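Here is what each chain is made of, one letter per residue.
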Number of protein chains: 2
Amino acid sequence: MARRIVVIGGVAAGPKAAARARRLDPAAEITVVERDAHASYGACGFPYYVGGGVARIEELMETPSGVVRDPRFFEQVKDVRLLTRTEAVEIRRDHREVMVRSLDTGEARTLPYDRLILATGARATGPPIRGLDAPNVFRLKTYSDARRFRAALDQIADLLKERDLAGDEKARPLRVAVIGAGLIGLETAEALQERGEEVTVVERLPRVLPNADPEIAAHLEKHARSKGIRVLTGVGVREVVVEDGRAVGLRLPGETIPADLVLVATGVRPEVDLARAAGLEIGPTGAIRVDEHLRTSDPGIYAAGDCAEKRHLVTGRPCWIPLGSTANKEGRVAGTNAVLGDVETFPGVVGSLVMRFFELTTARTGLGEAEAREAGFAPVVAVVAGPDKPHFMPGAAPILVKMIADRGSRRVLGVQAVGRGDVARRVDAAGAAVTAGMTVDQVANLDLVYAPPYSPPMDPLLVAANAVRNKLDGRARGVRPDELRRWQGEGVAPLLVDVRSPAEHEALPFGNATLIPLGQLRRRAEDLPRERPLVLLCKIGLRGYEGQRILNGLGFENASYLEGGVVGWPYEAPDR
Amino acid sequence: MARRIVVIGGVAAGPKAAARARRLDPAAEITVVERDAHASYGACGFPYYVGGGVARIEELMETPSGVVRDPRFFEQVKDVRLLTRTEAVEIRRDHREVMVRSLDTGEARTLPYDRLILATGARATGPPIRGLDAPNVFRLKTYSDARRFRAALDQIADLLKERDLAGDEKARPLRVAVIGAGLIGLETAEALQERGEEVTVVERLPRVLPNADPEIAAHLEKHARSKGIRVLTGVGVREVVVEDGRAVGLRLPGETIPADLVLVATGVRPEVDLARAAGLEIGPTGAIRVDEHLRTSDPGIYAAGDCAEKRHLVTGRPCWIPLGSTANKEGRVAGTNAVLGDVETFPGVVGSLVMRFFELTTARTGLGEAEAREAGFAPVVAVVAGPDKPHFMPGAAPILVKMIADRGSRRVLGVQAVGRGDVARRVDAAGAAVTAGMTVDQVANLDLVYAPPYSPPMDPLLVAANAVRNKLDGRARGVRPDELRRWQGEGVAPLLVDVRSPAEHEALPFGNATLIPLGQLRRRAEDLPRERPLVLLCKIGLRGYEGQRILNGLGFENASYLEGGVVGWPYEAPDR
């Protein structure tokens, strides 16, 4: 008798598992159940659809050759039965069957299985406030969400134009309030701003992009403001103000901001109701506990994608990082194991992420600095700035790289980066290195590709590793922007010494720094105080560090340098 | 007494070693000796200077903040004595001194050292033919070479323009013949073609870019031709034809091609004369043998950069891969060890390379297929094609990824890639994985960064790893372009089955392939022969593989698929 495989969930992990199972077992009966009217779409593309960069939403559901992945496609090409608008209601583990119900007809039926794969994904979470059910309050989780949101944007924009033409109201941009400044919130804020809307982002936490370290995220916040986006951090929304049944604004602690539309992007949590009701074990992160074969606590049931817990390869602990890339990998593993038995493993993740934000890219892998500390490591951190290619190449652009290593083992725990240049490449190389458990010494000597259109001869990733080594070895004494700010807050008043050229000093002043070009430092050092902390600064941190070493050589024990230099400074202006 | 460090060679490794030594020892006396009039320049930027993308050659010698690294800069900023136009004549190891001579005054002097660092680099090699000494025959190795070559290009272009204006001769592009189709030859050919010159590249070997695998290099060759560059492979130059003391063409076996200028780019070899004369051990590659601390056979002498042998981290054997990136890393290690004793190691390289060629990028890391075989591995290889981002994202571009793994250990030995899309990122992640000795199974589950502006949810690198796994596990039966051509040469006549859509089949036909869209394959399979080899083809290889699995499921043992699909096909047109 043919093996019966039932997959609950029709996006990312689910279809991937079904397709893989089919390739391994031509005879299996494979059924995918999906609640939405559509399946197998690229949900990560929603912000680009909303912004108009992706013209038709159907593109997100097409194969690279332009075929829509609808039930007919699944049947003809994949030989997989796809039931859309169908909800899985109950898993009867003792009978090995799933009860499902059509959302159109209400008709219930029973799907018996030999192997069940849960790919129920995640659901959007919202703040516990009133007004979220108004019709012009949106989320961006499902296909239907995305279509509704863009339709509403287009409709209200048209309405405003009509009113302008009718002389009722002067044309103005649409006011969109985004609640939440995480990945989706920022990506969508960019998309809306590029459409010409007036965007306000409200974040409860004290900073944007909570999954990046503060000094990286601060660059995005500065950039968002430079683009005209209003960013309010550390501000909790009290309620969505509703008039005549429609949201008209957000009430915040100090003010009420008007809004024609509200997008709620406050995050997601794993969708585990069905699994929990069936008595499957839920892990400490709230996602379905799985073993390395992606088997749940019931050996006949696998879980893959956003509903499943993952193992963090740096801490060894359970984590939950929902991503389409991970979901696809897990789908393949679950599909394989459902057919062949538990032959494949999914080792885990290192928390790699990337985001485009206007001209900037930001990316991370491994642990952040605070995460490293929480996990029991003793982090040693360096931040370096530099051009992503030799400065003489057209298109060379600065990037900022932060590396976090463990003092004892010298192991690289994480890397984060931001900038206009090629950030993703450095972070992907670092991600492989972190996965392999490499030390800073090994990363510093990685054989990365090199040619002027791509990299300077010393790649910024390697420079970051060397900066960490210099710190570990007690040679480099770096001060990071947030440390310098903290010093100032604590009443420590370092003397800032600008070792750039007079022209650079003039062109981009930095507080009230004293100018001593690096070439003059040796002979003018005697004018510097030996007790007061000295912070040497330059464009990217390199000359500052050289200056520190020169002063050390002259017996100054009070010299340090500003890591990342002026390029790496993410705040408006230093106090002194 | 201050430690005396002498560095021979003022480009890349040399200045890096000197600067590092200075940061570690403020009191050392550090001297750098350089034969050329200039030092510390970015030699890899020469092709971009020749092409005009880099306007002034001085830019190659400037710091990112625009300061020229001349002897004065070295003295004031680095506290390093730089002697240009100075040749090291002899190393007297027993006295620990180097005899040098000024190329301007002829004056000789003795530089005593405690530690000597050899950074003598590489020298251009030429074919053993006549005419190479004509004044309009150029190389592109040194600063002076680059300046002379560009000046000549500009001068002759001006001359041609003048003649046109005077009515003597109609304006025509400059004819430049490039001998050698390696990295420098191709980069310069592009630069010249972009200037509007008429470029012919002559390569003795049967294909361009000998350090890439044939099926990757073939894409570059096709691209070069599409850009109007004449590419002659498998053609050895008999002589440079010289008239009135100037080169006027190249005599080839069958023809003589005219040339206003000739560039010789036939490669380099390590510059070891001084080391050899001093009795230092030379390794099997012809470069100076060094240990992991970069110490030569004399413990007081280090060697770094292009003159030094390296260890290949995949084979464990000595190799010689001259690169500015490696030179900088080695310079740092040598500079450190010269000061602190042998505390640092340079582990070796994995042969990572990247090249831009018009819109294409090609990159490699690890071993090529033939190299893997020569090194005693049993290579299993897969080639995949795919968009570098989701197809719905603007700017998505195809890339081709070839992965080479070892059958027994499943270890990834090498990765090569080519395409308009982001190739470098995938190869750098692969380079770290190869360095770490990861298996295909580990690479397939690498946590690479993912967001639609950067990657599809299943990154092409991971798809390549899965393709290798499918082959290792006996499920995928791929045929690569060169295999298909070989089959045809051997008289095997497979039936080509195009599983794309009718529209794709029409738009980009592939030989005389029979059209059976994938969705119809199950029901039309009975029409296919069961004895004759079947090769299923599609756009990128994915549907072809699915088709192979469908046919396998129906009992066809004769089905395989074209790896990389039509996108990956690098030749003009298939025979059948």
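Residues numbered from 1 in each chain as written. Chains lettered and ligands numbered in written order. Predicted model: local features only at pLDDT ≥ 70, side-chain atom pairs only at ≥ 80, totals over all residues.

Undergrad: It is not clear to me how the overall build of chain A should be interpreted in this structure. Could you clarify?
TA: When helices and strands are counted, chain A shows 16 helices and 30 strands. Rg of the C-alpha trace for chain A: 27 Å, near the compact-globule value of 25 Å for 576 residues, within the 12% margin. Sorting the 576 residues of chain A into buried and exposed places 57% on the buried side. (Helix = DSSP H or I, 4+ residues; strand = E, 2+ residues; numbered from the N terminus. Rg over C-alpha atoms; globule rule 2.2 N^0.38 Å. Buried ≥ 20, exposed ≤ 12 C-beta atoms within 10 Å, placed from the backbone.)

Undergrad: Is there a simple way to explain the relation of the copies chain A and chain B in this structure?
TA: The operation linking the two copies of the chain is a rotation about an axis combined with a translation along the axis. With an RMSD of 0.1 Å, the operation that places chain A on chain B is a rotation of 180° combined with a shift of 0.0 Å along the axis. Expressed as an axis order, the relation between the two copies is that of a two-fold axis. A share of 100% of interface residues in chain A that are also interface residues in chain B marks the association as one of identical surfaces. (Least-squares fit on C-alpha atoms with pLDDT ≥ 70 in both. Contact = placed C-beta atoms within 7 Å.)

Undergrad: Looking at this structure, how should I read the interface of chain A and chain B?
TA: Interfaces are often sized by the amount of accessible area the parts lose when they come together. Tallying the contact residues gives 70 residues for chain A and 70 residues for chain B. At the level of secondary structure, the elements contributing two or more residues to the side of chain A that touches chain B comprise α3 (71-78), α8 (324-340), β21 (353-357), α10 (423-435), α15 (518-524) and α16 (542-553) of chain A. Sort the elements by how many residues they give to the side of chain A that touches chain B and α10 of chain A lands first, with nine residues. Counted by class, the side of chain A that touches chain B contains 40 nonpolar, 16 polar and 14 charged residues. (Nonpolar A, V, L, I, M, F, W, Y, C, P; charged D, E, K, R; others polar.)

Undergrad: So what exactly am I meant to see when it comes to helix α1 (residues 13-24) of chain B here?
TA: Since the α-helix turns once every 3.6 residues, residues separated by three or four places project in the same direction. Taking 1.5 Å per residue as the helical rise, α1 of chain B with its 12 residues ought to reach 16 Å, and the 16 Å between its terminal C-alpha atoms agrees with that figure. In terms of burial, α1 of chain B is a largely internal element, 11 of the 12 residues being buried. All buried positions along α1 of chain B are accounted for by Ala13, Gly14, Pro15, Lys16, Ala17, Ala18, Ala19, Arg20, Ala21, Arg22 and Arg23 of chain B. Where α1 of chain B is buried, its residues touch α16 of chain A together with β1 (4-8), β2 (29-33), α3 (71-78), β7 (115-118) and α8 (324-340) of chain B. (Expected span 1.5 Å × (residues − 1).)

Undergrad: Looking at this model, I keep getting lost on the sheet that holds strand β18 (residues 301-303) of chain B. Mind explaining?
TA: One key point about sheets: their strands pair by backbone hydrogen bonds, in either a parallel or an antiparallel sense. All names here are of chain B. The five strands lie next to each other as β3-β2-β1-β7-β18, forming an open sheet whose pairing is parallel. The open sheet has two edge strands, β3 (81-83) and β18, and neither has a second partner. Each strand of the sheet is rotated relative to its neighbour by a mean of 15°, with strand direction disregarded. One ladder, built from five bridges, connects β1 with β2; its direction is parallel. Opposite Ile8, over in β2, you have Val33 as the bridge partner. Its contacts with the sheet place α1 against β1, β2 and β7, and it is angled at close to 175° to β2. (Pairing = 2+ DSSP bridges. Axes fitted to C-alpha atoms, helices over the stretch in contact; angles between N-to-C directions.)

Undergrad: Hey, could you run me through unusual backbone geometry in this one?
TA: Although it is not a glycine, Arg85 of chain A adopts a positive phi angle of roughly 50°. Looking at where Arg85 of chain A falls in the secondary structure, it is placed in the loop between β3 (81-83) and β4 (86-92). Note on Arg85 of chain A: 15 C-beta atoms within 10 Å, which makes it partly exposed. The backbone phi angle of Ala12 of chain B is positive, close to 60°, even though this residue is not glycine. For Ala12 of chain B, the location among the structural elements is in the loop between β1 and α1.

Undergrad: So what exactly am I meant to see when it comes to the sheet that holds β4 of chain A here?
TA: Residues and elements named next belong to chain A. Across the sheet, three strands lie side by side as β4-β5-β6; this open sheet has antiparallel pairing. Of all the strands in the sheet, the pair left with one neighbour each is β4 and β6 (108-112). The mean angle between the axes of side-by-side strands here comes to 30°, regardless of whether they run parallel or antiparallel.

Undergrad: Help me understand the pairing of strand β24 (residues 398-406) of chain A in this model?
TA: On any regular strand, side chains alternate: one points to one face of the sheet, the next to the other face. All names here are of chain A. In terms of burial, β24 is a largely internal element, nine of the nine residues being buried. Side chains Pro398, Leu400, Lys402, Ile404 and Asp406 project from β24 onto one buried face, and the interleaved Ile399, Val401, Met403 and Ala405 project onto a second face that is buried too. In terms of strand pairing, strand β23 (residues 379-387) meets β24 through nine bridges, oriented antiparallel. If you follow Val381 over to β24, its bridge partner there is Ile404. Relative to strand β25 (residues 412-419), β24 is paired through seven bridges, and the arrangement is antiparallel.

Undergrad: Teacher, can you tell me more about the environment of Leu495 of chain B here?
TA: All names here are of chain B. For Leu495, the position within the fold is in strand β27 (residues 495-498). The spacing of Leu495 and Gly180 is 315 residues in sequence and 39 Å in space, taken between C-alpha atoms. Dropping the residues within four chain positions of it, Leu495 is found in contact with Thr514, Pro529, Arg532 and Leu534.

Undergrad: How should I be thinking about α3 of chain A in this particular structure?
TA: Where α3 of chain A is concerned, the buried positions are Phe73, Phe74, Val77 and Lys78 of chain A. Across the axial projection of α3 of chain A, the buried residues extend over an arc of 100°, all falling on one side. The elements touched by buried residues of α3 of chain A are α1 (13-24) and β3 of chain A together with α15 (518-524) of chain B. After α3 of chain A finishes, the residue Asp79 of chain A shows a positive phi value of roughly 55°. (Arc of directions from axis to C-beta.)

Undergrad: What exactly am I supposed to notice about the environment of Arg20 of chain A here?
TA: All names here are of chain A. Here Arg20 shows up in helix α1. With 93 residues separating them along the chain, Arg20 and Tyr113 place their C-alpha atoms 17 Å apart. Once residues within four sequence positions are removed from consideration, Arg20 is found in contact with Gly331, Arg332, Gly335 and Thr336.

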